[in-house]
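Observations on the model geometry
Spelled out from the first residue to the last, the chains are:
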Amino acid sequence: MERSKMQRLPQRRLDVIGVALVLLAAVMAAPAAEISCLKCHGKEQGLYAQSGHAQAGLTCVDCHGGDPKVNDETAHATDNFKRPDNKRGIAELCASCHSDVRRMNPYGLPTDQLDRYKTSKHGEQLFEHNDQNAAVCTDCHGVHDILSSKAPASRTYPTNVPQTCSRCHSDAKLMAQYQLPADVVTQYKTSYHAQLLFEKVDLSAPTCVTCHGNHGATPPGTKEVGQVCGKCHIRQRELFEKSPHAEAATAGLFSECVSCHGNHGIQKASLALFDESCVQCHANNPKQLGVRDAVAGLIRKEQSAYEHAVATVHGATVRGLATDDDQLLLQEAKTQVTQLEALQHTLSLQQLKPVAAHSGEILNQALTDISGLERFERWKRLALGPIWGFPIVMAVLFWAKRRQIEEKK
């Protein structure tokens, strides 16, 4: 029995060694596939090495097919070799993986990009009109150097999106073919959205794809603008729907947000906007301009009162007064004043007045507190007079008595 076991042991060892050799051969075969492509395509390999696909372990063959064992151009002479010579073929090649749920699940990537792309203006031009100028996957993501959108160097990283879109949308000659303006990205770079993105590096700030979409990129129509802006500006959208403008927008007479704020070159909202935008439609309507002036006047009044209170509390703090409670009151008042700026979308004084009154009460309380602190400080100073005066008087009397004693001696 023991002898038979001893006879089987070498065989088992051979089996283990055989499996190890097979695995080793498989590991060594992978780089061989890349090396065969590298003989001619070294430049592409340099770009591909740092790409998201390379990091995921994909090789040239996964996208292009071909025979990885051949070291010359005959490597392309296979039935599975793929090198699309048109943009529709590129989209379909990318989708052969990116529409596969099993393949995309481990990376948490959606599998409907091609379907969405076909609904976009880019996709319509390509699939319905065979327009080879239309942007396709590689125009936005790159070719061999595709990176994850989370990588700062990626073409689809938030701070790089405007530049990616400008490669086509700032080309005046190309845009002229579609009767589109070529200055939209230039306008965007002057906007408050761009200021948040580039200067404050706020990656949640809107870019082209936030409003237009990415794979399903489509410019919003007149009736959809409010819905698009409302994805971020939820409160303003709700208040606008209660305004007189909402009915006009529903009838298609008013482009909601865009009519007053503009689109690509949106500036930070301010009361000056009333002076600039209301007259575009109501220049000859004193009644409507009166509503504008009343709403703007109320907001200006509360903003001025808030700024005055901030300066007063700051001055008290610098003088060493205990203003912690008043700092909290200022924060509450700021919330109310900010709410007024949103409520202006209702164009209703009845909506603004209660908030303005509450803001005024809070600011008055803060100013009253500061006044009380200053009054107490003055009394403290007055009280110090007698306290310091007593030892001084005693010192003088002591000096006089001592002098008197010395004179007698």
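These numbers come from a predicted model, not from an experiment.

**Here's the deal with the packing of aromatic side chains**
- Under the criterion given, the structure shown has 2 aromatic pairs.
- Ring centres of Tyr117 and Phe127 lie 6.2 Å apart, and the angle between their planes is 75°; this geometry places the pair in the edge-to-face category. Of this pair, Tyr117 sits in helix α7 (residues 113–119) while Phe127 sits in helix α8 (residues 121–129), placing them 10 residues apart in sequence. Exposure class is identical for Tyr117 and Phe127. Each is buried.
- For the ring pair Phe240 and Phe254, a centre distance of 6.2 Å and an interplane angle of 10° mean the geometry is stacked. Note that Phe240 is positioned in helix α16 (residues 234–240) and Phe254 in the loop between α17 (244–250) and α18 (257–261), a separation of 14 residues in sequence. Like Phe254, Phe240 is buried.
- Above the plane of the ring of Phe127 lies Lys118, whose end atom (NZ or CZ) is 5.1 Å from the centre.

**Focus: the packing of helix α19 (residues 272–282) against helix α20 (residues 286–318)**
- Remark: α19 packs on α20, axes separated minimally by 10 Å, with the N-to-C direction vectors making an angle of 165°. Here α19 lies roughly antiparallel to α20, going by the angle between them. You can see that α19 and α20 cross each other, and the crossing is right-handed. On α20, the residues touching Phe274, Asp275, Cys278, Val279 and His282 of α19 are Gln288, Leu289, Arg292, Val295, Ala296 and Arg300.
- A class-by-class count of the residues in the contact of α19 with α20 yields 6 nonpolar, 2 polar and 3 charged.

**With respect to α20**
- Here α20 is 33 residues long and its end C-alpha atoms lie 47 Å apart, about the 48 Å a rise of 1.5 Å per residue gives.
- Residue Gly320 follows α20 closely and has a positive phi angle near 95°.

**Notes on unusual backbone geometry**
- Phi is positive for Asn130, close to 50°, though the residue is something other than glycine.
- Among the residues examined, Asn130 registers a relative accessible area of 52% and is labelled exposed.

**Observations regarding the state of the cysteines**
- The tally for this structure, following the rule as stated, stands at 0 disulfides.
- Its sulfur unpaired, Cys229 is 3.7 Å from the next cysteine sulfur, which belongs to Cys257.

**Let's talk about the side chain of Ser359**
- Structurally, Ser359 can be placed in helix α22 (residues 349–408).
- Setting aside residues no more than four positions away along its own chain, Ser359 makes contact with Glu302, Ala333, Gln336 and Val337.

**Concerning α19**
- Among the residues of α19, those classed as buried are Leu273, Phe274, Ser277 and Cys278. Projected down its long axis, α19 shows its buried positions confined to an angular sector of 100°, all on one face. Residues of α19 that are exposed and angled more than 90 degrees away from the buried face: Glu276 and Gln280.
- Tucked into the core, α19 has its buried residues touching α18 and α20.

Cut-offs applied
Within every chain, residues take consecutive numbers counted from 1 along the sequence as written. Per-residue local features of the predicted model are confined to residues with pLDDT of at least 70, and side-chain atom pairs are confined, for both listing and counting, to 80 or more; whole-chain, interface and lining totals are unaffected and use all residues. Only hydrogens and water are set aside; all other atoms, that is, all heavy atoms of the structure, feed into the side-chain values. Geometry of aromatic contacts follows a simple scheme: Phe, Tyr and Trp rings, the Trp one being its six-membered ring, pair when their centres are within 6.5 Å, and the pair is stacked under 30 degrees between planes, edge-to-face over 60, tilted otherwise. Where helices and strands are cited, they refer to DSSP runs of H or I of at least four residues and of E of at least two residues respectively, numbered from the N terminus. Any residue under 20% of the maximum accessible area for its type is buried, any over 50% is exposed, and the rest in between are partly exposed; the area is computed with a 1.4 Å probe on protein chains only. Two conditions define a charge sitting above a ring: the NZ of Lys or the CZ of Arg must be within 6 Å of the ring centre, and it must be within 35 degrees of the ring normal. For helices, the axis comes from a line fit to the C-alpha atoms of the stretch in contact; other axes are also lines fit to C-alpha atoms, and the angle between any two N-to-C directions lies between 0 and 180 degrees. Roughly parallel here means an angle under 35 degrees, roughly antiparallel means over 145, roughly perpendicular means 65 to 115, and every remaining angle is called oblique. Less than a right angle of anticlockwise turn of the near helix away from the far helix marks a crossing as left-handed, whereas a clockwise turn marks it as right-handed. We call two residues in contact whenever any of their non-hydrogen atoms come within 4.5 Å of each other. Gly is put with the polar residues, along with every residue not named as nonpolar or charged; the nonpolar set is Ala, Val, Leu, Ile, Met, Phe, Trp, Tyr, Cys and Pro, and the charged set is Asp, Glu, Lys and Arg. The length a helix should cover is 1.5 Å for every residue beyond the first. Cysteine sulfur atoms that pair up within 2.5 Å are treated as a disulfide. Note: the arc covers the axis-to-C-beta directions of the helix.

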